[in-house]
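Observations on the three-dimensional arrangement
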Amino acid sequence: MRLLDRIARSKTPLILGLDSHPGRPFDVTAPSHYAAQLAQCPLRYVLGDDLTRACAELAFADGARLAGCLDLLRMPAPEVWVEWNDEIHQRVIHETQLSARFDGAAVGRRVGVYLKTSIDGCCAVARTFWAEGLDEPAEVVLSPLESYIDLRGDLPDPADIPGVMAGEFAGVCHHPDAAVSSLLGHVRFRFDDAWSLYYRAASTDAGAGRQVVLDSLAGVARDVPLLLAFFLLLSAKDATRSLVISRAAINRKRLARGRPPLLDHIEVSASLDRAYAGDSAGADYGARQSPRLHHVRGHLVRRDNRVFWRVPHLRGSAVRGMVRSRTVCLSFAQPRASEGRAAHAEPIRLQ
């Protein structure tokens, strides 16, 4: 069962209390508040692990390329759901040294984001959900933060901790990586009204309030660059392939047994590894001799107002020999401490 099905079946409200005010319950926003919206959402994507990795690598290892294409990017529909395997996402975050250690709790975790977008596709308000597993006992969690995305960068200045606790906007940055900071500059975060009211009552001192803000931000901030990378690859020629999953047949059986229906969705995987034999017969490279036959890795290319994926291919002349292997050494900045999805990640800092 997908995370989107778990949310669509959610009916239980989330009532929180305080030890200091046992007679004052707080009805905060829960996954059940979005059950009907997700069931009616016209466009629901479930990312394959290969595409999740490609999106994360584009966001965190090649962020400058992604940031340079944001002017071409638009949200694909007025309402969109995107779901992925968080283990893959967190592994790339660790491999690119944005965190010093891999978040082991991400194994089995599913993450999904529901977006409502503007008419021009440049802006969106997103809510993030996750579950540590998709078995029935696993709890679906809704982040208390709303994520406001504006591809034009027309966003309010971020507030300080007391302002964020009062419902104003927070911003985050990652100073060691200018490209990641540029991507994060297109998003602001705020507690929705119900959660803001609860946290103001629950936070008894400034230190507790600061920790609530940092933990909440660390749980969702790195999801936005992944989403932006997905939307760019989705629009790029030859970068993805889609498979529509219809639940009509199985839902007839489920409804006959009195069970709730499952949701149709689109499973999207990467086409980035589809290689083709390129100019291996010895092309004319002008006055320059053709190179030996060698492999060219896939890469994202921008041509004016178009983005497309150049698939892996062979280039050069086999007559001149063949480059059979190549060693590429990558180096990154020094490791920095990080915790899990809902814990404070040191590289994510308030603006």
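Residues numbered from 1 in each chain as written. Predicted model: local features only at pLDDT ≥ 70, side-chain atom pairs only at ≥ 80, totals over all residues. Heavy atoms only, no water.

**Considering the confidence of the model for the protein chain**
The condition is simple: In predicted models, pLDDT denotes the confidence assigned by the predictor to each residue on a 0 to 100 scale. By definition in these notes, contact holds between two residues if any of their heavy atoms fall within 4.5 Å.
Residues with a pLDDT of 70 or more make up 76% of the protein chain, whose mean pLDDT is 82. Under a pLDDT of 50 for its full length, residues 275-287 has, in the predicted model, 25 contacts with residues more than four places off or in other chains. Note on residues 325-340: pLDDT is under 50 here. Beyond four places in sequence and across chains, it has 30 contacts.

**Quick word on a positive patch on the surface**
Selection criterion: Patches in this entry comprise residues that are over 30% relatively accessible and not in a salt bridge; like charges within 9 Å are linked, as are nonpolar side chains (Val, Leu, Ile, Met, Phe, Trp, Tyr) within 5 Å. For every accessible area listed, the method is Shrake-Rupley and the probe measures 1.4 Å; residues are considered covered only by the protein chains on display. Counted as salt bridges are all cases of a side-chain nitrogen of Lys or Arg within 4 Å of a carboxyl oxygen of Asp or Glu. Lys and Arg are tallied as positive, Asp and Glu as negative. Neither His nor the chain termini are counted. Think of each charge as sitting on NZ of Lys, CZ of Arg, CG of Asp or CD of Glu. Only DSSP runs of H or I covering at least 4 residues are called helices, and only runs of E covering at least 2 are called strands; the numbering of each starts at the N terminus. Type-normalised accessible area, obtained with a 1.4 Å probe on protein chains alone, sets the label of each residue: buried when under 20%, exposed when over 50%, and partly exposed for intermediate values.
Together, Arg-252, Lys-253, Arg-257 and Arg-259 make up a positively charged patch on the protein surface. Mapping Arg-257 onto the fold places it in the loop between α11 (248-256) and β11 (265-270). The class for Arg-257 is exposed, based on a relative accessible area of 65%.

**Considering helix α9 (residues 206-220)**
What counts, and what does not: To estimate how far a helix should reach, multiply one less than its number of residues by 1.5 Å.
Here α9 is 15 residues long and its end C-alpha atoms lie 22 Å apart, about the 21 Å a rise of 1.5 Å per residue gives. Buried within α9 are the following residues: Gly-209, Val-212, Val-213, Leu-214, Ser-216, Leu-217, Ala-218, Gly-219 and Val-220.

**Overview of unusual backbone geometry**
If you check the backbone angles, Asp-238 has positive phi at about 70° while not being a glycine. Following the sequence through the fold, Asp-238 ends up in the loop between α10 (223-235) and β10 (240-245).

**Looking at the environment of Arg-53**
Within the element layout of this structure, Arg-53 appears in helix α3 (residues 49-60). Assessed through its relative accessible area of 26%, Arg-53 is described here as partly exposed. Once the C-alpha coordinates of Arg-53 and Val-92 are considered, the two residues, 39 residues apart in sequence, prove to be 6.8 Å apart. Setting aside anything within four residues of it in sequence, one finds Arg-53 in contact with Ile-88, Arg-91, Val-92 and Glu-95.

**What to know about the packing of α3 against helix α5 (residues 86-95)**
Under the convention used in this document: Whenever a helix is involved, its axis is fitted only over the stretch in contact; in every case the axis is a line through C-alpha atoms, and angles between N-to-C directions fall within 0 to 180 degrees. Here is the rule for handedness: rotate from the far helix to the near one, and if that takes an anticlockwise turn smaller than a right angle the crossing is left-handed, while a clockwise turn gives right-handed.
Running from amino to carboxyl end, α3 crosses α5 at an angle of 35°, the nearest separation of the two axes being 9 Å. Note that α3 runs across α5; the crossing there is right-handed. Between α3, through Asp-49, Thr-52, Arg-53, Ala-56, Glu-57 and Phe-60, and α5, the contact on the second element is made entirely by Ile-88, His-89, Arg-91, Val-92, Ile-93 and Glu-95.

**Some details on the environment of Val-187**
Turning to its location among the elements, Val-187 is positioned in strand β9 (residues 187-191). Look at Val-187 and you get buried, because its relative accessible area is 0%. In this structure the C-alpha to C-alpha distance between Val-187 and Phe-169, which are 18 residues apart in sequence, comes to 9.7 Å. In this structure Val-187 touches Ser-147, Tyr-148, Ile-149, Leu-155 and Val-224, once residues within four positions along its chain are discounted.

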